[in-house]
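Coordinate inspection notes
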Amino acid sequence: MTETPLLIVDAANVVGSRPDGWWRDRAGATARLRDALAPLAERGRPPELAPPAEVVLVVEGAARGVQGRAEVRVVAAEASGDDAVVALVDAAAGRRRLVVTADRELRQRVRALGAEVYGPRWLRGD
């Protein structure tokens, strides 16, 4: 198994988990999430995610234009963001994969592929 864990974040689901006005500027809210994720690449999120980690943010819809940065790779879903998350999990078989989402169906799909699942509150440290 590859030592560097893969953290995959369902952007739409995490951004939508907090009623902070994100709906007025989805791309801006997603960019703020991307920036908040950047420290996780180096520091991890103990105890569940030991550093370093590869961080991937899956975006869709109005947030498709959000660009990645050195610490966070952004994957723009061509169609369903959920399908893009599942494809990333499947492509990284043999590696530790952690997915952040509250979407019940997506949680089941990625667990069936061996991924660990955490909710948005875990990511925020609530």
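Residues numbered from 1 in each chain as written. Predicted model: local features only at pLDDT ≥ 70, side-chain atom pairs only at ≥ 80, totals over all residues. Heavy atoms only, no water.

Before going further, it helps to examine the overall build of the chain. Regarding its fold elements, the chain presents five helices and five strands. Starting at the N terminus and walking to the C terminus, you meet the elements of the chain as β-α-α-β-β-α-β-α-β-α. Taken over the C-alpha trace, the chain has a radius of gyration of 13 Å; the compact-globule value for 126 residues is 14 Å, and the two agree within 12%. Referenced to the eigenvectors of the C-alpha coordinate spread, the extents of the chain come out at roughly 40 × 30 × 25 Å. Every one of the 126 residues in the chain was classed for burial, and the buried ones make up 46%. A fraction of 57% describes how many contacts in the chain between residues 6 or more apart in sequence connect residues 24 or more apart. (Helix = DSSP H or I, 4+ residues; strand = E, 2+ residues; numbered from the N terminus. Rg over C-alpha atoms; globule rule 2.2 N^0.38 Å. Buried < 20%, exposed > 50% of the residue type's maximum accessible area, 1.4 Å probe, protein only. Contact = heavy atoms within 4.5 Å.)

Before going further, it helps to spend a moment on the pattern of salt bridges. A complete count under the given rule lists seven salt bridges for this structure. Asp-35 is paired through a salt bridge with Arg-69; the nearest N and O atoms lie 3.0 Å apart. Within this pair, whereas Asp-35 is found in helix H2 (residues 26-43), its partner Arg-69 is found in the loop between strand E2 (54-59) and strand E3 (72-76), the two being separated by 34 residues in sequence. Judged by its relative accessible area of 34%, Asp-35 is partly exposed. The exposure class of Arg-69 is partly exposed, given its relative accessible area of 34%. (Salt bridge = Lys/Arg side-chain N within 4 Å of Asp/Glu carboxyl O.)

Counted by the stated rule, this structure contains one aromatic pair. On the numbers, 4.4 Å between centres and 25 degrees between planes, the contact of Tyr-118 with Trp-122 is stacked. Just above the ring of Trp-122 sits the side chain of Arg-45; from NZ or CZ to the centre is 5.9 Å. (Phe/Tyr/Trp six-rings, centres within 6.5 Å; stacked < 30°, edge-to-face > 60°. Lys NZ or Arg CZ within 6 Å of the ring centre and 35° of its normal.)

Residue position: Glu-54 is located in strand E2. It is 6.7 Å that separates the C-alpha atoms of Glu-54 and Thr-4, two residues lying 50 residues apart in sequence. A polar side-chain atom of Glu-54 sits 2.7 Å from a polar atom in the side chain of Arg-95. (Polar contact = N/O pair within 3.5 Å; in protein donor to acceptor, adjacent residues only side chain to side chain.)

The next subject is the pairing of E2. Within a regular strand, side chains alternate between the sheet's two faces. The buried fraction of E2 amounts to five of the six residues, a majority that puts the element mostly inside the structure. Summarising the sheet, E2 and E3 pair through five bridges and their orientation is parallel. Residue Val-55 lies in a different strand from E3, and its bridge partner there is Val-72. (Pairing = 2+ DSSP bridges.)

The next subject is the side chain of Arg-107. Tracing the backbone through its elements, the reader meets Arg-107 in helix H4 (residues 104-111). Here Arg-107 sits buried without a salt bridge, and the closest side chain of opposite charge, Asp-103, lies 8.0 Å off (N-O distance). Arg-107 has contacts with Thr-101, Ala-102, Val-117, Tyr-118 and Gly-119, leaving out every residue within four places of it along the chain. (Lys, Arg positive; Asp, Glu negative; His and termini not counted.)

Helix length check: H2 (18 residues) gives 27 Å between terminal C-alpha atoms against 26 Å at 1.5 Å per residue, within 8%. Immediately beyond the C-terminal end of H2, within one or two residues, lies Gly-44, with a positive phi of roughly 70 degrees. (Expected span 1.5 Å × (residues − 1).)

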